[in-house]
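Below, each chain spelled out in residue letters.
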Amino acid sequence: MNHSAAFAVVGGDIRQAHLAALLCADGHTVHTFALERHPVGGCAASSDPGSCFADVQAVILPLPVLHGSDQLNAPLSSAAHTLVDVLDAIPPGTLTLAGAAPFWVHARAVQNNLRLIDYLARDELAIRNAVPTCEGALQLAMEQTDYTVHHARCLVIGCGRIGAMLARKLQALGAVVTVSARTPRDFARIESAGMAHLDTRRLAGQLAGFDLIFNTVPAPVLGTAELAGLQPSSLIIDLASLPGGIAPDATLPTGCRVLHALSLPGKVAPRSAARAIYQTICAILEEEGVL
């Protein structure tokens, strides 16, 4: 591996600071920008993007890259920075990595002759992020209820990476777990794990018996008809990315609560989340011939 590479690590939350430290510890030269409220030992902090991006092999933007409609996501910066200005300061031809980059960011990168790769789209990061997401969901469930997860009647909506892992963790804690899915293959997997299953497309009238509902489907699968049977003490923890799993016009029964739990890896386990990003980025850098 080439240990003389130079990188710019830009903006982001505490995960980005940990990422910069990991790259520095690996022997690379690391410049940081928009992280001044959390200085990283061994890294050279820059006051402007132009000097930060000079002579680097790759620029690593945060996850998510965007705050609001046009700002760089940079909660650890003392000043706000327009994302377009940051992109325009990157020298043409520079490999640029970003997380959850919207279409217009990719379009601007093409316009500026930048090779932009969205590292959140990588399967290995999604798989690694499932662990802190599930642990964070369990933490919320324990903090927000006055009963144990043990013996709680739980529904996990969705049987993807997060849903399947969360169902197993709930089952290991002694919860009574049901998982909803859409395909016969997933129904068979759920049954073979010793759990009951529901069809995600037919949840109306099926939710009356659940204490905890965890949604992992980023689509409005819970409307007024689906929610109508919930008991007043029910808690819904929505783990899906926006718009989430609850229809915008849905009526929630009196007493029921919804928690929109977004970006849990960075909130509950930022150091582990940073290592997952680091491993993913190193794989990309090797594929691109930088390392």
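Residues numbered from 1 in each chain as written. Predicted model: local features only at pLDDT ≥ 70, side-chain atom pairs only at ≥ 80, totals over all residues. Heavy atoms only, no water.

> Got a sec to walk through the environment of S4? Specific residues and values, please.
Checked against the element boundaries, S4 lands in the segment before β1 (6-10). A residue is classified by how much of its surface remains accessible, and S4, at 56% relative accessible area, is exposed. A C-alpha to C-alpha distance of 55 Å links S4 and L203, two positions 199 residues apart in sequence. (Helix = DSSP H or I, 4+ residues; strand = E, 2+ residues; numbered from the N terminus. Buried < 20%, exposed > 50% of the residue type's maximum accessible area, 1.4 Å probe, protein only.)

> Quick one: what's the story with the pairing of strand β2 (residues 29-33), residue by residue and with numbers?
Here 5 bridges tie β1 to β2, and the two strands are oriented parallel to one another. In the sheet register, A6 faces β2, and the bridge partner there is T29. For the handedness criterion, the β-α-β arrangement of β1, helix α1 (residues 14-25) and β2 is classed as right-handed. Here 2 bridges tie β2 to strand β3 (residues 44-45), and the two strands are oriented parallel to one another. Each bridged residue has a counterpart across the sheet, and for T32 the counterpart in β3 is A45. (Pairing = 2+ DSSP bridges. Right-handed = clockwise from strand over helix to strand, strands pointing away.)

> Explain the sheet that holds strand β10 (residues 176-181) to me, and be specific about the residues and the numbers.
Read from one edge to the other, the open sheet built from 6 strands follows the order β11-β10-β9-β12-β13-β14, with strand pairing classed as parallel. Where the open sheet ends on each side, the last strands, each with one partner, are β11 (196-199) and β14 (257-260). Adjacent strand axes in the sheet meet at a mean angle of 20° when their direction is disregarded. Strand direction decides the pairing type here: strand β9 (residues 153-157) and β10, joined by 5 bridges, are parallel. Bridge pairing links R153 to V176 in β10. Along the sheet, helix α6 (residues 161-172) contacts β9, β10 and β12 (212-215); its crossing angle with β9, the most-contacted strand, is approximately 170°. Along the sheet face, helix α7 (residues 184-192) touches β10 and β11 and points at about 160° away from the line of β11. (Axes fitted to C-alpha atoms, helices over the stretch in contact; angles between N-to-C directions. Contact = heavy atoms within 4.5 Å.)

Honestly, that's just the spatial picture; any functional story needs more than this.
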